[in-house]
Amino acid sequence: MHSNTYIFIYSSVLVIIVAAILSFTAIQLQPIQSHNIKIEKMQNILNSANIENNVKDAEELYNKYIKSAIAVNSNGEILNVENAFSIDIPLEYKKKESERQLPLFICVKDNGDTNIIVPLRGKGLWGPIWGYIALKNDYNTIEGAIFDHKGETPGLGAEIDTKSFQAQFTNKQIYDETGVFTSIKLVKGGANKDDMHGVDAISGGTITSDGVTHMLKDNLSLYSSYFEKEKNLKQ
Amino acid sequence: MSSDNIKLLKNPFNLSNPITVQVLGICSALAVTVQMKPALIMALSVTIVTGFSNLIISLLRNTIPSRIRIIVQLVVIAALVIIVDQLLKAYVYDVSKKLSVFVGLIITNCILMGRLEAFAMSNKPIPSFIDGIGNGIGYGLILVLVAFLRELFGSGKIYGYQVVPQFLYDLGYENNGLMILPPMALIIIGIIIWVQRSYNPNLIEK
């Protein structure tokens, strides 16, 4: 039988050794892990604008097609931000709407089309959901959208990250004919084919679907003053 | 390798397989077997963790106070799992996203604690290491077999490559959607257990 003192010393030493090993591993691997996250973000941005890419060429394609990354505020003013790519969106999400830095990515494709890519963030059923939505240069029609999630139910809410769900968004519009911001709704039971502002919700994934609806509305509405300013400039 | 050690390595493949005979680690076997790649990485991760946790605990076995031995075992397992998780996040990021919580849940995989308590605490380091590797591989074999069947019939692919030719789909063949849901994994494991016991009647409980 070991004494209490022995048990205390034994467990303390063991825990300290383990802690040291773990911190060392974490620090050593940190740069590679953050690089992976950066590449994933670039891939998401490119995918939303329907640009084919893979892990290897994502960085090169990103630098080629994404001409600028800017940040605006909810009044539509362009902010003076050095690196809009690395704005921490979850962190911005905690601030008041008027104080948030809202990043935007401008993508110019080979055929000269410009896409404006907006990052999204919202709540699903079990945790955060996020995505990127690319608008054509009328600031209205959707070029493409991608969504991802932390831990939605596989087979149900998790379907938001499938191609078939995301493809529905292409060519939908976020403003109605009179120019009022309407966003896109996920309609339970299926959207009408000619509905320009609705897509099919996911059966069995109602809360995730509502989460996507809210996410689109909340995020895009913050950008709408910027979109309107840009539209007026063009006319 | 002596014949005892070979036995230690090979027994878990069949006669004392952790999944089909000891019925341990079922949860992750259902969750990560939709495709072969995550299943292989999971099998590899578990094998590394069982091997090294057995080795480390066996090296420490004479110094561990018996009153806190379970905690010490858990600390060793947890540390190894976190290291494996960090490595996966760094080097196979896409797979680590698919495996998500299941890598962390290796900590609670009964195979690990089972082998530590039953073997490593009372045996020398080398046999313990071999026992751990053997059990990890035994677990992995079942995982890969289940994943092979589920990916083939569920998505028409093997290791991500399309193997069911297009003309079969044109003739009306369809992927079986049930295969990619967890209940089918349980049924497949059940069938494997049935086949295995028909070949080895002495595994059947009286």
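Criteria and cut-off values
Residues numbered from 1 in each chain as written. Chains lettered and ligands numbered in written order. Predicted model: local features only at pLDDT ≥ 70, side-chain atom pairs only at ≥ 80, totals over all residues. Helix = DSSP H or I, 4+ residues; strand = E, 2+ residues; numbered from the N terminus. Rg over C-alpha atoms; globule rule 2.2 N^0.38 Å. Buried ≥ 20, exposed ≤ 12 C-beta atoms within 10 Å, placed from the backbone. Contact = placed C-beta atoms within 7 Å. Pairing = 2+ DSSP bridges. Axes fitted to C-alpha atoms, helices over the stretch in contact; angles between N-to-C directions. pLDDT = per-residue confidence, 0-100.

Draft legend 1. Structural view of the overall build of chain B. When you go through chain B residue by residue, the secondary structure sums to ten helices and two strands. Element order for chain B, N to C, with α for helix and β for strand: α-α-α-α-α-α-α-α-β-β-α-α. Whereas a compact globule of 206 residues would reach a radius of gyration of roughly 17 Å, chain B reaches 18 Å, a difference of no more than 12%. Seen along its three principal axes, the alpha-carbon backbone of chain B occupies a region of about 65 × 45 × 30 Å. Expressed as a percentage of the 206 residues in chain B, the buried residues total 36%. Pairs at least 24 apart in sequence give 77% of the contacts found in chain B among residues at least 6 apart.

Draft legend 2. Broad picture of the sheet that holds strand 6 (residues 142-149) of chain A. All names here are of chain A. Overall, antiparallel pairing links the six strands, which are arranged 2-1-3-4-5-6 in an open sheet. On the outer flanks of this sheet lie strand 2 (78-79) and strand 6, each paired with one strand and no other. Strand contacts of helix 5 (residues 206-234): strand 1 (66-72), strand 3 (102-108), strand 4 (114-123), strand 5 (128-136) and strand 6, with the helix running at about 130° to strand 4, the strand carrying the most contacts.

Draft legend 3. View of the confidence of the model for chain B. Summing up the model confidence of chain B, the mean pLDDT is 89 and the portion of residues at 70 or higher is 99%. The ipTM, which scores confidence in the relative placement of chains, is 0.79 for this predicted complex, and the corresponding pTM is 0.80.

Draft legend 4. Geometry of unusual backbone geometry. Notably, N50 of chain A is not glycine yet its phi reads approximately 60°, a positive angle. You can see N50 of chain A is positioned in the loop between helix 1 (4-48) and helix 2 (58-65). Even without being glycine, V23 of chain B reaches a positive phi, approximately 50°. Inspection of the secondary structure assignment puts V23 of chain B in the loop between helix 1 (3-10) and helix 2 (26-31).

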